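# Secondary and tertiary structure notes
Listed here are the chains, written in short residue letters.
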Amino acid sequence: MRTVALFEMLFGILTLAGGIIDYTGNGNMISLVVGIVIGLIVLVVALSMQKGSRKAVYTELVLAIALIAYFGREYFLIHAGGFFPGGVLSILAGISLLLLLAVLVQPQERKRIF
């Protein structure tokens, strides 16, 4: 679960960067706000996933499905912009979804004594 949490932290950082880059390129204030809010949520939930929280896995799962639905529709169906950030975030959300499903199949980790 800790490796998946590290990927989720990277995913949160890239979401933050995507919102900022889209704002500087297009001047889209909504993209900046949504990128920062979702990026921070992903980072906070990934930090609690690092500690072994199963609720964090479910929260990340819902966020990944929502991001795939939004960015997948935007990039693959409407193709409103370039590959970045819509295509990159939809692919990263898909990888995140697969990793989170793999974590859910595994039994719950035991507490470590040391």
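Along each chain, residues carry numbers from 1 onward, in the same order as the chain's sequence is written. Confidence filtering applies because this is a predicted model: local features only for residues at pLDDT of at least 70, side-chain atom pairs given and counted only at 80 or more, and all residues used for totals across whole chains, interfaces and linings. Side-chain metrics in this entry use all non-hydrogen atoms of the structure; hydrogen atoms and water are not considered.

## Re the nonpolar core
Heads up, the rule is: Residues belong to a common nonpolar core when they are buried Ala, Val, Leu, Ile, Met, Phe, Trp, Tyr or Cys residues joined through side-chain atoms within 4.5 Å. Burial classes: relative accessible area under 20% of the type maximum marks a residue as buried, over 50% as exposed, and values in between as partly exposed (1.4 Å probe, protein chains only). Segments assigned H or I by DSSP are reported as helices when at least four residues long, segments assigned E as strands when at least two residues long, and all are numbered from the N terminus. By definition, residues are in contact when any of their heavy atoms lie within 4.5 Å.
In this structure, Met1, Val4, Ala5, Val45, Met49, Ala56, Val57, Leu61, Ala64, Leu100 and Val103 together form the largest nonpolar core, which totals eleven residues. Going through the elements one at a time, helix 1 (2-26), helix 2 (29-50), helix 3 (54-78) and helix 4 (86-105) are the ones with two or more residues in this core. With four residues, helix 3 is the largest single contributor of residues to this core. Once you skip the residues sitting within four places of it in the chain, Met49 turns out to touch Met1, Val4, Ala5, Glu8, Ala56, Val57, Glu60 and Leu100. With nine residues, the next largest nonpolar core counts Phe11, Val42, Leu89 and Leu92 among its residues.

## Let's talk about the packing of helix 2 against helix 3
Geometry of a packed helix pair, given as the angle between the helix axes and the separation of the axes. Filter applied, for reference: In this analysis an axis means a line fitted to C-alpha atoms, helices contributing only their contacting stretch, and an angle means the value between N-to-C directions, from 0 to 180 degrees. Angles below 35 degrees are treated as roughly parallel, those above 145 as roughly antiparallel, those between 65 and 115 as roughly perpendicular, and all remaining angles as oblique. Crossings are assigned a handedness: left-handed for a near helix turned anticlockwise from the far helix by less than a right angle, right-handed for a clockwise turn. Only Asp, Glu, Lys and Arg are considered charged, only Ala, Val, Leu, Ile, Met, Phe, Trp, Tyr, Cys and Pro nonpolar, and every remaining residue, Gly among them, polar.
Running from N to C, helix 2 and helix 3 point in directions that differ by 150°, and their axes come no closer than 9 Å. Considering their axes alone, helix 2 and helix 3 lie roughly antiparallel with respect to each other. The crossing of helix 2 and helix 3 is left-handed. Contacts from Ile38, Ile41, Val42, Val45, Ala46, Ser48 and Met49 in helix 2 reach Ala56, Val57, Thr59, Glu60, Leu63 and Leu67 in helix 3. Class assignment for the residues of the contact of helix 2 with helix 3 results in ten nonpolar, two polar and one charged.

## What to know about the environment of Gly19
Here Gly19 lies in helix 1. Distance in space between the C-alpha atoms of Gly19 and Arg54 is 28 Å, their sequence separation being 35 residues.

## Section: the side chain of Glu60
As a reminder, the rule being used: In this count, Lys and Arg are taken as positive residues and Asp and Glu as negative ones, while His and the chain termini are left out. Salt bridges are counted wherever a side-chain nitrogen of Lys or Arg sits within 4 Å of a carboxyl oxygen of Asp or Glu.
With respect to the helices, strands and loops of the structure, Glu60 is situated in helix 3. Of the buried charged residues, Glu60 lacks a salt bridge, with Arg54 as the closest side chain of opposite charge at 14 Å. Setting aside residues up to four positions removed in sequence, Glu60 forms contacts with Glu8, Val42, Val45, Ala46, Met49 and Leu100.

## Side note on a nonpolar patch on the surface
Spelled out, the test is: Each patch groups residues whose relative accessible area exceeds 30% and which form no salt bridge, using 9 Å between like charges and 5 Å between nonpolar side chains of Val, Leu, Ile, Met, Phe, Trp and Tyr. Per-residue accessibility takes into account occlusion by the displayed protein chains alone, with areas from the Shrake-Rupley method and a 1.4 Å probe.
Judged by side-chain polarity, Phe76, Leu77, Ile78, Phe83, Ile91, Ile95 and Leu99 come together as a nonpolar surface patch covering roughly 680 Å² of accessible area. Listing elements by their share of the nonpolar patch, those giving two or more residues are helix 3 and helix 4. Inspection of the secondary structure assignment puts Ile78 in helix 3.

## Describing the packing of helix 1 against helix 2
At a minimum axis distance of 8 Å, the contact between helix 1 and helix 2 shows a crossing angle of 170°. When the interaxial angle is binned, helix 1 and helix 2 end up roughly antiparallel. By crossing handedness, the relation of helix 1 to helix 2 is classed as left-handed. Tallied by class, residues from the contact of helix 1 with helix 2 come to 19 nonpolar, seven polar and three charged.

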